[in-house]
Amino acid sequence: MAFYKKQFGLISAAVILILLVLFRYLGIIDDYYITIIDLVFINIILAVSLNLTIGFLGQLALGNAGFMAIGAYTSAILTTYLKLPPILLFPVAVLCSGVLAVLSSLIVGIPSLRLKGDYLAIITLGFGEIIKNIITGLKITGGARGYKGIMNYNTDFETNAYVNMIVLYLFAGLTVFVISNFTKSRHGRVIKSIRDNEIASEASGVNIMYYKLLGFSMSAFFAGVAGSLYAHHNGILAANKFDFNYSIEMVIMVVLGGMGNIKGSIAAAIFLTFLPQLLSSFSDKRMLFYSILLIIVMLVKNKNYPFLKIDFYKKRLLGR
Amino acid sequence: MLLEVNDIGITFGGLRAVMGFNMGVDKDEIVGLIGPNGAGKTTVFNLLTGVYTPTEGKIIFDQKDITGKKTNVINNLGIARTFQNIRLFKSMSVIDNVKVAYNQNMKYNELQGVFKFGLYKKEEAELHEKALNLLDVFGLKGEAEENAGNLPYGKQRKLEIARALGTGPKLLLLDEPAAGMNPSETAELMEIIRLVKDKFRVSILLIEHDMSLVMNICERLYVLDYGSLIASGPPEEIKNNQDVISAYLGE
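Residues numbered from 1 in each chain as written. Chains lettered and ligands numbered in written order. Predicted model: local features only at pLDDT ≥ 70, side-chain atom pairs only at ≥ 80, totals over all residues. Heavy atoms only, no water.

1. Some details on the interface of chain B and chain A
Accessible area lost when the parts come together is the quantity often used to give the size of an interface. Quick note on the threshold: Any two residues whose heavy atoms approach within 4.5 Å at even a single point are treated as in contact. Two parts lose some accessible area (1.4 Å probe) when they are put together, and adding that loss for both gives the buried area. The term salt bridge refers to a side-chain nitrogen of Lys or Arg lying within 4 Å of a carboxyl oxygen of Asp or Glu. We define a polar contact as two N or O atoms separated by no more than 3.5 Å, with the added condition that, inside protein, one atom must be a possible hydrogen donor and the other a possible acceptor, whereas residues neighbouring each other in sequence contribute only through side-chain atom pairs. In the scheme used here, Gly and all other residues not listed as nonpolar or charged are polar, with Ala, Val, Leu, Ile, Met, Phe, Trp, Tyr, Cys and Pro taken as nonpolar and Asp, Glu, Lys and Arg as charged.
Taken together, the contact between chain B and chain A spans 32 residues of the former and 27 residues of the latter. Overall, the association of chain B and chain A removes approximately 2500 Å² of surface from exposure, summing both partners, and the carbon and sulfur fraction of that is 56%. Three residues, Asn103, Glu110 and Val114 of chain B, lead the burial of chain B against chain A; their summed loss comes to 23% of the area buried on that side. Linking chain B with chain A are 1 salt bridge. For arginine 189 of chain A, the salt bridge is made with glutamate 124 of chain B, and the minimal N-O distance between the two is 3.0 Å. Inspection of the region where chain B meets chain A yields 17 residue pairs in polar contact (both at pLDDT 80 or more). When the residues that make up the side of chain B that touches chain A are grouped by side-chain class, the tally is 12 nonpolar, 10 polar and 10 charged.

2. Here's the deal with the environment of leucine 272 of chain A
Residues and elements named next belong to chain A. Filter applied, for reference: Secondary structure elements follow DSSP: runs of H or I of four or more residues count as helices, runs of E of two or more count as strands, with numbering from the N terminus. Summary of the burial criterion: residues with accessible area below 20% of their type's maximum are buried, those above 50% are exposed, and those between are partly exposed, where the area comes from a 1.4 Å probe applied to protein chains only.
Within the secondary structure layout, leucine 272 lies in helix H12 (residues 262-278). Accessibility expressed as a relative area gives 2% for leucine 272, which makes it buried. Taking the C-alpha atoms as reference, leucine 272 lies 9.0 Å from asparagine 43; in sequence the two are 229 residues apart.

3. So, the sheet that holds strand E5 (residues 64-65) of chain B
Residue and element names in this part refer to chain B. What counts, and what does not: Criterion used throughout: strands pair if DSSP finds at least two bridges between them.
Strand order in this open sheet of 4 strands is E2-E1-E4-E5, and the pairing throughout is antiparallel. The two strands at the open ends of the sheet, each matched to only one other strand, are strand E2 (15-25) and E5. With 2 bridges joining them, strand E4 (residues 56-61) and E5 adopt antiparallel strand pairing. Within E5, the residue paired with phenylalanine 61 across the bridge is lysine 64.

4. Focus on unusual backbone geometry
Residue and element names in this part refer to chain B. The backbone of aspartate 28 sits at a positive phi, close to 55 degrees, despite the residue not being glycine. Here aspartate 28 lies in the loop between E2 and strand E3 (30-34). Even without glycine at this site, lysine 116 takes up a positive phi of about 50 degrees.

5. Quick look at a positive patch on the surface
Note the cut-off: To count toward a patch, a residue needs a relative accessible area over 30% and no salt bridge; like charges are then connected within 9 Å, while nonpolar side chains (Val, Leu, Ile, Met, Phe, Trp, Tyr) are connected within 5 Å. Using a 1.4 Å probe, accessible areas were evaluated by the Shrake-Rupley method; residue-level cover was limited to the displayed protein chains. Positive: Lys, Arg. Negative: Asp, Glu. His and the chain ends are not part of the count. Positions of charges follow a simple convention, taking NZ of Lys, CZ of Arg, CG of Asp or CD of Glu.
A surface patch of positive charge is lined by Lys184 and Lys263 of chain A together with Lys116 and Lys121 of chain B. Its relative accessible area of 34% is what places lysine 116 of chain B among the partly exposed residues.

6. Digging into the sheet that holds strand E8 (residues 203-207) of chain B
Pairing between the strands of a sheet comes from backbone hydrogen bonds, and it takes one of two forms, parallel or antiparallel. All names here are of chain B. For clarity, the threshold we go by: As a rule, the C-alpha atoms of each element are fitted with a line to give its axis, helices using only the stretch in contact, and angles between N-to-C directions run from 0 to 180 degrees.
Taken in spatial order, the 6 strands make up an open sheet running E6-E7-E8-E3-E9-E10, and their pairing is mixed. Two strands close off the open sheet at either side, each with one partner strand: strand E6 (79-81) and strand E10 (228-233). Going from strand to strand, the sheet's axes swing by 20 degrees on average, the running direction of each strand aside. Inspection of the sheet shows strand E9 (residues 220-225) paired to E10 by 5 bridges, in the antiparallel sense. Bridging across to E10, leucine 224 finds its partner in leucine 229. Running over the sheet, helix H1 (residues 41-48) touches E3, E6, strand E7 (171-175), E8 and E9 and is turned about 145 degrees from E8.

7. Concerning the domain arrangement of chain B
Residue and element names in this part refer to chain B. Inclusion rule: Where each domain starts and ends comes from a domain assignment, either automatic or drawn from a database.
Considered domain by domain, chain B is made up of domain 1 (1-78 + 169-251) and domain 2 (93-166). Using only C-alpha atoms to locate each centre, domain 1 and domain 2 end up separated by 27 Å. Across the contact, 20 residues belong to domain 1 and 11 residues belong to domain 2. Among the residues domain 1 hides against domain 2, the three largest losses belong to Pro169, Ile192 and Phe200. Together they make up 30% of the total. On the surface where domain 1 and domain 2 come into contact, there are 1 salt bridge. A salt bridge links lysine 158 to glutamate 188, with the shortest nitrogen-to-oxygen separation between them at 2.9 Å. The interface formed by domain 1 and domain 2 contains 3 residue pairs in polar contact (both at pLDDT 80 or more). A total of 8 residues in the side of domain 1 that touches domain 2 trace back to one element, the largest contributor, which is helix H7 (residues 183-200). Taken together, the residues of the side of domain 1 that touches domain 2 break down into 12 nonpolar, 3 polar and 5 charged.

In structure tokens:
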């Protein structure tokens, strides 16, 4: 029992993996649901990593779709032009996507992380739009027509069986593992202290700029990786996908799940990915629906209803 | 001299908040900085800790020129402070507040933190021990896992001092540590300040309006009024200084 408690995360992750594989090969979940589940995993990566910037570091960054776009197009272009054995090509592409997203996050972050609150939000929002427009304007990215023929699971089944549900699951798991361990390390502690009180943190000998950049670029790295996975999952890319609305959607996942709450981000990512699919006839107005939902959540959250807490169910279901 | 302040001054637009200010703090000394409201006491603290850069003059700490250095660098060199309006990491636990202060002396890197190898286990275990011992000195060990924001006011003040000590300072700046405390809490605080000085071998420079505390524990006093020094010396002398009395009470 002690072992079970200590390794709760690892064990539940393994159980979910086994169930996924079982369901998939037994055909209990069909292709339609598999596509949605794939998207869930990508959104988990995005939400959990953005939570590091917004929830733990306390900086309202609205440009994550920009980093994701950089990752997606980097990976798409690399796998098209780079001649490497297939087994190497995909890992190299994913890594390069992350690294390029980090580099661009440093370029945006060094000047803009000196700003606070609304100003940082505006500058990162602008950055996301700039990236989108650059991609639309360039030839190598396919411009406004989009990028077609990216190697992916459906078209290159033999040469590249990489980005399927299981791989996405592993990447999502790795992201959750890295971010949650990071927030418990000394660096994570310092990052939380910056959120709580920047002046006191600096007076306690913390190099604010370094840790802000660290958190911000880690977020960007995983957004870039998510972009790369998205590209190889979809096979086609359209610059319009990575617009302001998508950035906001990620923020909504973070806010809905709770600032600095990784489990919450996961739950919100699952919920908000399934929701529009289930309400597909309603999907045009889903942003409207999100706003209403967010307001309701905000209202209910501060009320401290016991049935909103995990402990409430733990006691009843598990008897502890 | 541990701290030497030579003719510092700062101007905000047309306002000369502090001018031609000189002071010194020796090793193992408790020095008070007093003056009427708006005299520039907190501005002096902000100049010493690098929040503001002096427009004139020099600050020498431990034989190093720290004028214009950044706040975090000055802290690493050995000046820690508390704030007039308490600034804790409110949503973090009491022990984590102190652990943040110890961060600057820890060595394990980001990768070791994420994958929990190398120095991680050893350093985190040592850190936990050290942080608990420090909290114990301030009687906060029982509340180690409590949220810092939920502590009562007096304990929040103590935690702020504990956090400042966690950074391993040679000089501790306390900005109105007794503000908002009743006489018995103030008396307890006095004991704590003496204990801190002896146990951690730090020099202390404090701003305070509570004269019973100032007169009791400070070995020397500096008096500021309208941004300049009007008197300095041992408490007995300051008590009877005509300039000081007129600054506080008027002509």
